[in-house]
Amino acid sequence: MIRTVLFDLDGTLLDTAPDLAFALNQVLQEQGRPALPLERIRPVVSHGTAGLLRIGFGLRPEDKDFAPLRQRLLDIYQAHLACATQPFPGIEALLAELERAGLRWGVVTNKPGWLTEPLLQQLGLAPRSACIVSGDTTTRRKPDPEPLLHACALAGCHAPECVYVGDAERDVIAGRAAGMPTIVAAYGYIEAHENPLDWGGDHLVHEPGEILAWLEKHNGATVPPHPAVR
């Protein structure tokens, strides 16, 4: 039985692309480069600053200009963390239904904690979550399973009682390695050359409401509550 739903953050739980695009475009303009349209930036947001600086400047993490530009991008982003960021359409209804049914939910992301926790606090989601695991919470990050296993411990459940929802191949790899089913969020940030059907997830959804339908099918006719909230 699934009792806890774990979400990736960027591209799965929250549409953070507008604020990250703003930060990247500010850095581009500071460097004398033209701004990029949101539609160009959105698909790479799940790849973090590495993806953003790749499409903005053609840089890789090992390039000498990468680190200072990354820091500048993060500084701007931190100052505009929740200006335009919102839960994806359908997420609020999904979370409310999970809570009504007595299931727990949490966040496992590679985003650093100094960005993750303030963002979730500003959106009023932090107090509702059973766990928040950021990219620097554990020694290893996704695709390693350690963050997901740590989230299970925080939420008070075993890995097979969790499902992980994400919009990147590393999310599926991490979930499978942790021993939990995985759901691919096809509504998230997926580049044109990527085929999420090749990632080996257990299910693929095109909008958040389909996650609840999967849970009901997986668990049976009803979604059981977490033992701690019965």
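In short, a report on the structure. Being a predicted model, the structure only gives us computed values, none of them experimental.

Of the regular secondary structure elements, the protein holds nine helices and eight strands. Relative to its length of 230 residues, the protein is compact, with a C-alpha radius of gyration of 17 Å against a globular reference of 17 Å. Based on the C-alpha atoms only, the size of the protein along its principal axes is roughly 55 × 35 × 35 Å. For the protein, the residues scored as buried account for 53% of the 230 residues in total. Pairs at least 24 apart in sequence give 66% of the contacts found in the protein among residues at least 6 apart. Entry remark: accessible area of the protein is about 10,000 Å², with carbon and sulfur atoms responsible for 51%. Taken together, the 20 basic and 28 acidic charged side chains of the protein have centroids lying 2 Å from each other.

Turning our eyes to something else, we now look at the packing of aromatic side chains. Taken as a whole and assessed by the stated rule, the structure comprises three aromatic pairs. Taking 5.2 Å as the distance between ring centres and 65 degrees as the angle between the ring planes, the aromatic pair formed by Phe 88 and Tyr 187 counts as edge-to-face. Taken together, the residues Phe 88 in the loop between strand 3 (86-87) and helix 5 (91-100) and Tyr 187 in the loop between strand 7 (182-185) and strand 8 (203-205) connect sequence positions 99 residues apart. Each member of the pair, Phe 88 together with Tyr 187, is buried. On the basis of an interplanar angle of 55 degrees and a centroid distance of 5.9 Å, the ring pair of Phe 88 and Tyr 189 is categorised as tilted. Separated by 101 residues along the polypeptide, Phe 88 in the loop between strand 3 and helix 5 and Tyr 189 in the loop between strand 7 and strand 8 bring together distant segments of the chain. The same class applies to Phe 88 and to Tyr 189, which are both buried. Counting every residue linked through ring pairs, the aromatic cluster contains Phe 88, Tyr 187 and Tyr 189.

What follows is about helix 4 (residues 66-79). The terminal C-alpha atoms of helix 4 lie 20 Å apart, and with 14 residues this matches the ideal 20 Å at 1.5 Å per residue to within 8%. Elements that come into contact with the buried residues of helix 4 comprise helix 1 (17-30), helix 3 (48-57) and helix 6 (113-122).

Strand pairing within a sheet occurs via backbone hydrogen bonds; the two strands may be parallel or antiparallel. With parallel pairing, six strands are arranged side by side in an open sheet as 5-4-1-6-7-8. Each having just a single partner strand, strand 5 (132-133) and strand 8 make up the two edges of the open sheet. Both strand 1 (residues 4-7) and strand 6 (residues 162-166) contribute to a ladder of four bridges, which runs parallel. Directly across from Thr 4, in strand 6, lies its bridge partner Cys 162. Along the sheet face, helix 8 (residues 169-178) touches strand 6 and strand 7 and points at about 170 degrees away from the line of strand 7. The sheet strands contacting helix 9 (residues 209-219) are strand 1, strand 6, strand 7 and strand 8, and the helix crosses strand 8 at an angle near 150 degrees.

Each value, and the rule that gives it
Residues numbered from 1 in each chain as written. Predicted model: local features only at pLDDT ≥ 70, side-chain atom pairs only at ≥ 80, totals over all residues. Heavy atoms only, no water. Helix = DSSP H or I, 4+ residues; strand = E, 2+ residues; numbered from the N terminus. Rg over C-alpha atoms; globule rule 2.2 N^0.38 Å. Buried < 20%, exposed > 50% of the residue type's maximum accessible area, 1.4 Å probe, protein only. Contact = heavy atoms within 4.5 Å. Areas by Shrake-Rupley, 256 points an atom, 1.4 Å probe, with all protein chains shown as cover. Lys, Arg positive; Asp, Glu negative; His and termini not counted. Charge placed at Lys NZ, Arg CZ, Asp CG, Glu CD. Phe/Tyr/Trp six-rings, centres within 6.5 Å; stacked < 30°, edge-to-face > 60°. Expected span 1.5 Å × (residues − 1). Pairing = 2+ DSSP bridges. Axes fitted to C-alpha atoms, helices over the stretch in contact; angles between N-to-C directions.

These values are about where atoms sit, not about what they do.
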